[in-house]
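Letter by letter, the chains look like this.
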Amino acid sequence: IKTNLNKKYINVYVSGRVEKPGILRMTKSSLVNDALQISGINALKGKIKLVRYENSIIKTTKIRYQSRKEKGDISNPYLRDGDIIVVDKSPYNIANEILTEVTMPFVGIYSTYWIFN
């Protein structure tokens, strides 16, 4: 009991487009969907990746988020201690960032024109 061989909790790291990124302490029977829901997955999410260190190899699995997926399914696997979940940007987010970068100088020029006019 004192050796901690059969831990009750695991630590999982969630990053990317979630409301509360960071380390989560979860029960060892937790699923990817549980971690995403606790972290507050964004409606405009992109691809989701599960990064896992397995047999001295770093394995990355792309996951398609579906809130009602079966437990242990390929899209909703059980988590292990040290897993990393990354939620990427959606194409909409990327397009919005590019549009903002391109139009920002023109907004400044237009605003300055109206101040002096």
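We now turn to the structure provided with this report. Here the structure is a predicted model, which means the values were calculated and not measured.

1. Side note on the overall build of the protein chain
For the protein chain, the count of helices and strands is two helices and five strands. Mapped from its N terminus to its C terminus, the protein chain presents α and β elements in the order β-β-α-β-β-β-α. Relative to the globule expectation of 13 Å for 117 residues, the C-alpha radius of gyration of the protein chain, 20 Å, shows a markedly less compact shape. Oriented by its inertia axes, the alpha-carbon framework of the protein chain measures out at about 75 × 30 × 30 Å.

2. Topic: a nonpolar patch on the surface
On the surface, a cluster of nonpolar side chains totalling about 510 Å² of accessible area is made up of Ile94, Ile98, Val102, Phe106 and Ile109. Along the polypeptide, Ile109 turns up in helix 2 (residues 91–116).

3. Looking at the environment of Asn117
Considering the arrangement of structural elements, one finds Asn117 in the segment after helix 2. Residues Asn117 and Glu70, spaced 47 residues apart in sequence, show a C-alpha to C-alpha distance of 63 Å.

4. Regarding the sheet that holds strand 4 (residues 57–63)
Strand order in the open sheet made by the five strands is 2-1-5-3-4, with mixed pairing throughout. One side of each edge strand has no neighbouring strand; the edge strands of this open sheet are strand 2 (22–27) and strand 4. This sheet shows a mean twist of 25° between the axes of neighbouring strands, independent of strand direction. Where strand 1 (residues 9–16) lies against strand 2, six bridges are found, and the strand directions are antiparallel. Looking at the pairing, Val14 lines up with Gly22 of strand 2. In this fold helix 1 (residues 32–39) packs onto strand 1, strand 2, strand 3 (45–54), strand 4 and strand 5 (84–89), with an angle of close to 130° to the strand it touches most, strand 2.

5. Notes on the pattern of salt bridges
For the structure on display, the rule yields five salt bridges. The partner of Lys69 in a salt bridge is Asp73, and the shortest N-O contact between them spans 3.8 Å. Of the residues examined, Lys69 reaches a relative accessible area of 29% and is grouped as partly exposed. Since its relative accessible area comes to 25%, Asp73 is described here as partly exposed.

Calculation notes
- Residues numbered from 1 in each chain as written.
- Predicted model: local features only at pLDDT ≥ 70, side-chain atom pairs only at ≥ 80, totals over all residues.
- Heavy atoms only, no water.
- Helix = DSSP H or I, 4+ residues; strand = E, 2+ residues; numbered from the N terminus.
- Rg over C-alpha atoms; globule rule 2.2 N^0.38 Å.
- Patch = residues over 30% accessible without salt bridge, like charges linked within 9 Å, V, L, I, M, F, W, Y side chains within 5 Å.
- Areas by Shrake-Rupley, 256 points an atom, 1.4 Å probe, with all protein chains shown as cover.
- Salt bridge = Lys/Arg side-chain N within 4 Å of Asp/Glu carboxyl O.
- Pairing = 2+ DSSP bridges.
- Axes fitted to C-alpha atoms, helices over the stretch in contact; angles between N-to-C directions.
- Contact = heavy atoms within 4.5 Å.
- Buried < 20%, exposed > 50% of the residue type's maximum accessible area, 1.4 Å probe, protein only.

Take it as geometry only, folks, not as evidence of what the structure does.
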